[in-house]
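So the chains spell out like this:
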Amino acid sequence: MTVTAVLGPTNTGKTHAAMERLLSHRSGMIGFPLRLLARENYERAVRVKGADAVALVTGEERVVPRAPAYFICTVEAMPVDRPVDFLAVDEIQLAADRERGHVFTDRLINARGRHETMLLGASTIRPLLRRLVPEAAIEARPRLSTLCGVSPKRLARLPRRSAVIVFSVAELYELAARMRRETGGAALVFGALSPRTRNAQVGLYQSGEVDYIVATDAIGMGLNLDIDHVAFTSLTKHDGSSARRLRPAEVAQIAGRAGRHLRDGTFGATSDLGPLDEDLIRAVETHDFAPLRSVFWRNGELSFVTIPALLRSLDRRPPLPEMVRMRNADDHQALRLLAGESEIRARVRAIEQVRLLWDVCQVPDFRNVLSDAHARLLQEIFLHLSASRRRLPEDWVAGQVAALDRIDGDVGALLMRIAAIRTWTYVSHRAGWLSDPRHWQERSRRVEDRLSDTLHERLTEQFVDRRATVVARSESEGPHTTIGASGEVEIQGMPAGRLEGFHFVPEAGLRQSARPVLAAVNRVLREGSRARVQLFVDEPDDACALSPEGRISWRGASLARLAGSDDPLAPRIEVLSSNLLDPPERERVRRRCAEWLMRRIENVLRPLMTLRAAPLSGPARGIAFSLVQGLGALQRRSIASQIRSLEAGDRARLARHGVRIGRWNVFLPALLRPEARRLTGLLWRLRQRYEPPLLPLERAIIARDRRVPEDYYLACGYAPLGSTAWRLDHIERVTGLIYGRARRGQIALTPELGRIAGAEERDVVALIEALGFHRTANGVFARSPHGGRRVSRQRGVDVPSKPRS
């Protein structure tokens, strides 16, 4: 069993790598710090493995099929007593968190997969990991993009796609109101939002309806957004008991939301805060932070003999100096409160009742304050469950839920109701507490969804300016909008921007002002999108093009990007984001792009498509299949056994379908046209999800980058050889020329041979030596005594002698 800690800053692909490893095992489990993250990755796993194979387990949601192989969970809800081949825990540095750290520490120390365990987190936990989990192999991952500090900016001058960070809800509302006045509005993200409201607010931003997000530090985990810049209004937060300055690692966790995948990001302060400290900027940019010194721990071996015994076991001291005892956790505080109630003590007479009391104490208060109202609710729950029926009364639960099913009141009232109904959602998933748990799970979810949707509407009304001043001044039927032949857009005679494909690009002067104008333009463009989609569908194929990066464009504007699939000749089509297309229109665009791409592949790679359909059998069919998978080229040695097994006539049949079995490689010479090689190289990059540099295909011999896989050179029509790569037909021709000029096992390197090869002398020498010749004292090259094929240790190539071709 292996334990691996994958550590690094944000945007390193740690979670993606863990999900790939999980799904490669026969069974697995992964714990995420947020329900939102668990749901997102559950849906991803279901797409790969199917709904019958994957379970979702969180405090508020359980989707468990009959025999799941994979469990996607929140960290607290992980069923760690269930054996699985693979187990992973995300954001393991949260073991140092004051509120939840003891749970992460428990998973760090005790949760293991039978064959493989992965711990994902920030590099700050590395020294503690070495002491607490000495058997773990530590893998460091670099950030995929660059994060750069910039000078302070006024709110009105913040770049589009910015997130503005505050550290209290009061400041959040105040700043959001300012953003509404100065930039047209912003989406809001903070910890008290339900996942549904958070997703809806994020949707406002992702769709481009607003260009800014105002958020608390809740944005620092679990949200992957198209953010280019993060601006801090403060570096001080209230930490439960007192105000403190953020640690550099905490600043980096939030600032790291800027930049996604390979796109760089920036961070800085607002002008109200002033410049960030240079040392802080340097630490964030270089990801160089002070290591964590301790983790929070709580005894997991609890005694349920009596309530005092349970409290004593919770207060047990940690076994190691690196561990700090968790004090005042919500469930622990709730237990102390309930233990002081005489009615509770009277019900607790056996281990069973102590266990039940502890289970009840773990019901969360999503308002994050252990209020008297929540303590009273826990007391009522326990008294009902410890009564003779051992169930919560249906009428009592119905009354509790009905009292929350109201959408009146302000934002604060809606937030309180959402927090309360989430508690009931949690209760409905506790086994054995309700007579009809499915009914109450669905009922509480409907109430939460209704409240969440209303909250989203209220936040949007309050903090996003949707007034269309230009529309109000226009005629009653709406603003007059025109689209020119080249895509230029005007509204009421005023230039508004241009339409590129199905994406509207506003004029630079309108991007941070005249928001109603842009809203009106988008509305009109959406109304006319069906006609524009029809125009695209009816266009001839020559109106479209494919870029070297794998983007399909129409009239010069990108519409879709290609993505790899199991079939190397049929990549997936992903239509680029557009708020002008509804789902049916997007699907029409995707189908038209797919039809165009298939015709393009069939035309450019016709020899390969023909070979794929050829009625071959036996080894010849195997070679044809391998060529298709290799996009038209293979190293001969990789299919040497199949070549030796070819039957009489197989070579001729392969040759009739354009296959050449060369001394070095097996390939289709008809695919060596630059257009075909550009396409096969692109298809290889898509399938491998790898971005090597584009090769200069106009040359017969090019410099070789040893970091680039050999298969990529082959897909682009080149054979790697030492420090160079030769075009496939060229290396075969020059190899034949060398053998043809050899006399009695010797060959002289002449200027004429270099001119015919079109290569530098050193490249010709490399090829001659790779063929098994060595330079003698008189300057000629003599055949090595080995004969046949051998491996050049110096150059790492398989050396052909003179096999039949």
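Look above for the structure.
Worth saying up front: this structure is predicted, and the values here are computed from it rather than measured.

Draft legend 1. Fine view of the overall build of the protein. Along its length, the protein carries 29 helices and 37 strands. Along the longest, intermediate and shortest principal axes, the C-alpha atoms of the protein span 105 × 75 × 55 Å. A total of 805 residues make up the protein; the buried ones form 51% of that total. Only carbon and sulfur atoms are counted for the fraction: they give 48% of the accessible area of the protein, which is about 37700 Å². One way to put it: in the protein the 123 positive side-chain charges average out to a point 7 Å from where the 95 negative ones average out.

Draft legend 2. Spatial organisation of the pattern of salt bridges. Evaluated as defined, the whole model comprises 48 salt bridges. One salt bridge connects Glu-539 with Arg-555, and the closest N-O pair in it is separated by 2.9 Å. Here Arg-555 lies in the loop between β24 (551-554) and β25 (557-563) and Glu-539 lies in the loop between α19 (529-538) and β23 (544-546), a separation of 16 residues in the sequence. On the accessibility criterion, Arg-555 (46% relative accessible area) is partly exposed. The partner of Asp-541 in a salt bridge is Arg-599, and the shortest N-O contact between them spans 2.8 Å. One end of the pair, Asp-541, is in the loop between α19 and β23; the other, Arg-599, is in helix α20 (residues 583-604), with 58 residues separating them in the sequence. Salt bridges linked by common partners bring Arg-35, Arg-39, Glu-43, Glu-60, Glu-61, Arg-422, Arg-445 and Glu-448 together as one network.

Draft legend 3. Broad picture of the nonpolar core. Core analysis: the biggest nonpolar cluster contains 61 residues, and Leu-357, Ile-381, Leu-392 and Trp-424 have the highest contact counts within it. Considering each element in turn, this core owes the most residues, 9 residues, to helix α15 (residues 411-428). Filtering out sequence-adjacent residues up to four positions away, Ile-381 remains in contact with Val-360, Leu-392, Trp-396, Val-427 and Trp-433. Core analysis: the next-biggest nonpolar cluster, separate from the first, contains 58 residues, Val-575, Leu-581, Val-589 and Leu-608 among them.

Draft legend 4. Local environment of the sheet that holds strand β27 (residues 633-635). Strand order in the open sheet made by the 3 strands is β27-β29-β28, with antiparallel pairing throughout. The two strands at the open ends of the sheet, each matched to only one other strand, are β27 and β28 (660-661). Its contacts with the sheet put helix α27 (residues 728-741) on β27, β28 and β29 (665-667), and the angle it makes with β29 is roughly 130 degrees.

Draft legend 5. View of the packing of helix α1 (residues 14-24) against helix α2 (residues 35-49). Contact geometry of α1 with α2 gives a least axis separation of 11 Å together with a crossing angle of 40 degrees. When the axis of α1 is compared with that of α2, the two are oblique. α2 is crossed by α1, and the crossing has right-handed handedness. Judged by residue contacts, Thr-15, His-16, Met-19, Glu-20 and Leu-23 of α1 engage Asn-41, Arg-44, Ala-45, Val-48 and Lys-49 from α2. Grouping the amino acids of the contact of α1 with α2 by side-chain chemistry returns 4 nonpolar, 3 polar and 3 charged.

Draft legend 6. Seen up close, the pairing of β24. In this sheet, β24 lies alongside β23 in antiparallel orientation, the contact comprising 3 bridges. Note on β24: the bridge partner recorded for Leu-546 is Ile-552. Strand direction decides the pairing type here: β24 and β25, joined by 4 bridges, are antiparallel. For Trp-554, the partnering residue across the bridge sits in β25 and is Ala-557. Where β24 folds back onto β25 in an antiparallel hairpin, the turn is made up of 2 residues, including Arg-555, whose phi is positive at roughly 55 degrees.

Draft legend 7. Inspection of the sheet that holds strand β35 (residues 781-783) at higher detail. Judged by pairing direction, the sheet is antiparallel, and its 3 strands sit side by side in the order β33-β35-β34 without closing on themselves. The sheet is open, and its two borders are formed by β33 (746-747) and β34 (773-775), each paired with just one other strand. For β34 and β35, the ladder comprises 3 bridges, and the chain directions are antiparallel. The residue bridging Arg-775 from the neighbouring strand is Phe-781, located in β35.

Draft legend 8. Empty space enclosed by the protein, seen in detail. Applying the stated criterion across every chain yields a total of 3 cavities of 30 Å³ or more. Taken as a whole, the largest cavity spans an internal volume of roughly 60 Å³. Lining the largest cavity are Leu-631, Gly-632, Ala-633, Leu-668, Leu-671, Leu-672, Arg-677, Thr-680, Leu-714, Ala-715, Gly-717 and Leu-728. Here the residues of the lining of the largest cavity sort into 8 nonpolar, 3 polar and 1 charged.

Draft legend 9. Inspection of the environment of Asp-217 at higher detail. Mapped onto the elements of the fold, Asp-217 is located in the loop between β12 (212-215) and β13 (229-232). Here the alpha-carbon distance between Asp-217 and Tyr-713, two residues 496 residues apart in the chain, equals 46 Å. With residues up to four places along the chain from it excluded, the contact list for Asp-217 reads Val-166, Phe-167, Lys-237 and Ile-254.

Draft legend 10. Examining the packing of aromatic side chains more closely. In this structure the tally under the stated criterion is 9 aromatic pairs. With a centroid separation of 6.2 Å and an interplanar angle of 85 degrees, the aromatic rings of Phe-502 and Phe-536 are classed as edge-to-face. Here Phe-502 is found in the loop between β21 (494-500) and β22 (503-506), whereas its partner Phe-536 is found in helix α19, with 34 residues between them in sequence. With respect to burial, Phe-502 and Phe-536 carry one shared label: buried. Each member of the aromatic cluster is reached from another via a ring pair, and the members are Trp-684, Tyr-690, Tyr-712 and Tyr-713. In this arrangement the basic side chain of Arg-161 is found over the ring face of Tyr-205, its NZ or CZ atom lying 3.8 Å from the centre.

Reading the values: the criteria
- Sequence order sets the numbering: in each chain, residues are counted from 1 along the sequence as written.
- Given that the model is predicted, a residue must reach a pLDDT of at least 70 before its local features are reported, and side-chain atom pairs must reach 80 or more before they are shown or counted; all residues, however, enter totals for whole chains, interfaces and linings.
- Remark: hydrogens and water are excluded; side-chain values derive from all non-hydrogen atoms of the structure.
- Helix and strand assignments follow DSSP, with helices taken as H or I runs no shorter than four residues and strands as E runs no shorter than two, numbered in order from the N terminus.
- Accessible area is worked out with a 1.4 Å probe on protein chains only. A residue is then buried under 20% of its type maximum, exposed over 50%, and partly exposed in between.
- Methods summary: accessible areas were calculated by the Shrake-Rupley approach with a probe of 1.4 Å, and residue burial reflects only the protein chains presented.
- Positive charges come from Lys and Arg alone, negative charges from Asp and Glu alone, with His and the N- and C-terminal ends not counted.
- Taken as the charge location is NZ of Lys, CZ of Arg, CG of Asp or CD of Glu.
- By salt bridge we mean one thing: a side-chain nitrogen of Lys or Arg within 4 Å of a carboxyl oxygen of Asp or Glu.
- Put simply, buried Ala, Val, Leu, Ile, Met, Phe, Trp, Tyr and Cys residues joined by side-chain atoms within 4.5 Å make one nonpolar core.
- Residues are treated as being in contact if the distance between any of their heavy atoms lies within 4.5 Å.
- At least two bridges found by DSSP between two strands are what make those strands a pair.
- Here an angle of 0 to 180 degrees is reported between the N-to-C directions of two axes, which are lines fitted to C-alpha atoms, with helices fitted over the stretch in contact.
- Oblique is the label for every angle not falling under 35 degrees (roughly parallel), over 145 degrees (roughly antiparallel), or within 65 to 115 degrees (roughly perpendicular).
- Throughout, a crossing is termed right-handed when the near helix is turned clockwise from the far one, and left-handed when it is turned anticlockwise from it by less than a right angle.
- All residues other than Ala, Val, Leu, Ile, Met, Phe, Trp, Tyr, Cys, Pro, Asp, Glu, Lys and Arg, Gly among them, are scored as polar; the first ten of these are nonpolar and the last four charged.
- Using protein atoms alone on a 1 Å grid, points that fit a 1.4 Å probe yet trap it form a cavity, whereas open point sets bounded by protein on both sides within 12 Å along at least five of seven lines form a pocket; residues with an atom within 4 Å of a point count as lining.
- Grid points are joined across faces, edges and corners, and a volume is the space filled by probe spheres set on the points.
- Geometry of aromatic contacts follows a simple scheme: Phe, Tyr and Trp rings, the Trp one being its six-membered ring, pair when their centres are within 6.5 Å, and the pair is stacked under 30 degrees between planes, edge-to-face over 60, tilted otherwise.
- Geometrically, a lysine NZ or arginine CZ counts as sitting over a ring once it is within 6 Å of the ring centre and also within 35 degrees of the ring normal.

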